[in-house]
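Spelled out, the chains give:
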Amino acid sequence: MLSNIKVKLCFLSSVNGTSMYHYCELGVLARVSLCLSLFLSVAKADPSIEFTGDFIQGGIVIGRVQPDVKIHLGERQVRVSPDGWFVLGFGRDEKPNVVLNVEYADGTKHQETLNVKARRYEIQRIDGLPPRKVTPSAEDLERIKQENALIGAARNRDEPRTDFLSGFDWPVIGRISGIFGSQRVLNGIPKRPHFGVDVAAPTGTPVKAPAPGKVTLVHKDMFYTGGTINLDHGHGLTSIFIHLSDIFVTEGQYVEKGSVIGSVGATGRATGPHLHWGMNWFKARIDPALLVGNMPDQQ
Ligand code: ZN
């Protein structure tokens, strides 16, 4: 546990065009047990903002400012907690430069460009899927549209809770069988990328909440995702768990980190039992693997 350890980190900052190193004591930030490698490329121009995380496609950055500061990322006004915490997320195909606008209580404004590191994504071919799950009928498409609307609404919430500060643990320990961002070719047909991380595990393996959160969607049988749970960690950061064989939570329920919320399965569009864990910051697709670090050894 990092909670009682004072971590001294080195931030590269640029003041008046001159690069300098700026040391921060991160007593509270250390509780955000993000993978330490995420701290590597932390850059900031405004010395009053502390950032933790990596400016990279599929990544999140947790920031801290004075609570009365207003933050905009592009067009979106970003929620700032009463303690000054906020989250920024960068999608799979985020452009290399995004503009952050900061407005202080006294009306002073500051703008900076965040450089978001690009990633290269793999191509993953999966064969042997039922043809209906790759090329759905008109009737299936109508069902998919309705289910996507439910998922979209769950991702669009901007809850004031800051559950994301607890850091994230793997919900299931197992072999990683699919990674974030891969361009997918299903039964030989190019499809949209894979937005999550897959962990292979036997049907019935408990799925644990990687961080605290509020259950905002439960569905036993969606067309693509089968047994589905959406968990809201606050400030637009959500997790989705899919292909579940069993679900032990209900909508509106608040769960602690490590609570068993469901079981691994192969429901929906899956070739075998595994957990697919996806994350979003509103619409932006986030790579959960960037938040948890290496998969622990399997016993
Ligand atoms: Zn998956």
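Above this note sits the structure.
Rules of the game
- Residues numbered from 1 in each chain as written.
- Predicted model: local features only at pLDDT ≥ 70, side-chain atom pairs only at ≥ 80, totals over all residues.
- Heavy atoms only, no water.
- Pairing = 2+ DSSP bridges.
- Helix = DSSP H or I, 4+ residues; strand = E, 2+ residues; numbered from the N terminus.
- Axes fitted to C-alpha atoms, helices over the stretch in contact; angles between N-to-C directions.
- 1 Å grid on protein atoms, 1.4 Å probe; cavity = no way out; pocket = protein on both sides within 12 Å on 5 of 7 lines; lining within 4 Å.
- Points joined across faces, edges and corners; volume = space filled by probe spheres on them.
- Nonpolar A, V, L, I, M, F, W, Y, C, P; charged D, E, K, R; others polar.
- Contact = heavy atoms within 4.5 Å.
- Buried < 20%, exposed > 50% of the residue type's maximum accessible area, 1.4 Å probe, protein only.

This part takes up the sheet that holds strand E6 (residues 70-73). One open sheet accounts for four strands, arranged E7-E6-E9-E10; its pairing is antiparallel. Each edge of the open sheet is held by one strand with a lone partner, namely strand E7 (76-78) and strand E10 (109-115). Pairs of neighbouring strands in the sheet enclose a mean axial angle of 25°, with direction left out of account. Where strand E9 (residues 97-103) meets E10, seven bridges bridge the pair, whose relative direction is antiparallel. Pairing of Val 98 across the sheet is with Leu 114, part of E10.

All right, on to the pairing of strand E4 (residues 50-53) then. Of the pairings in the sheet, the one linking E4 to strand E5 (residues 60-64) comprises four bridges and is antiparallel in character. Along E5, the bridge assignment pairs Gly 53 with Val 61. Hairpin remark: E4 followed by E5, antiparallel, with six residues in the connecting loop; positive phi at Gly 58, about 85°.

With that settled, consider the layout of surface pockets. Here the idea is plain: a probe the size of a water molecule rolls over the atoms and shows the empty space left. Counted as a void, the largest pocket has a volume near 850 Å³. Along the wall of the largest pocket there are 34 residues; nearest its centre are Arg 184, His 194, His 243, Arg 269 and His 276. Secondary structure elements with two or more residues in the lining of the largest pocket: strand E11 (123-126), helix H2 (138-155), strand E12 (175-178), strand E13 (183-186), strand E15 (197-200), strand E19 (237-244) and strand E23 (274-281). With five residues, the single largest contributor to the lining of the largest pocket is H2. Residue composition of the lining of the largest pocket, grouped by class: 14 nonpolar, eleven polar and nine charged.

A few words on the environment of Gln 298. With respect to the secondary-structure elements, Gln 298 resides in the segment after helix H3 (289-292). A C-alpha to C-alpha distance of 8.0 Å links Gln 298 and Arg 175, two positions 123 residues apart in sequence. Leaving out residues up to four positions away in the same chain, Gln 298 has contacts with Ile 173, Gly 174 and Arg 175.

Okay, unusual backbone geometry next. Positioned with a positive phi, Asn 187 is a non-glycine residue whose angle comes to about 50°. Considering the arrangement of structural elements, one finds Asn 187 in the loop between E13 and strand E14 (189-191). Positive phi outside glycine occurs at His 243, with the angle close to 70°. Tracing the backbone shows His 243 in strand E19. Overall, the relative accessible area of 4% leaves His 243 in the buried class.

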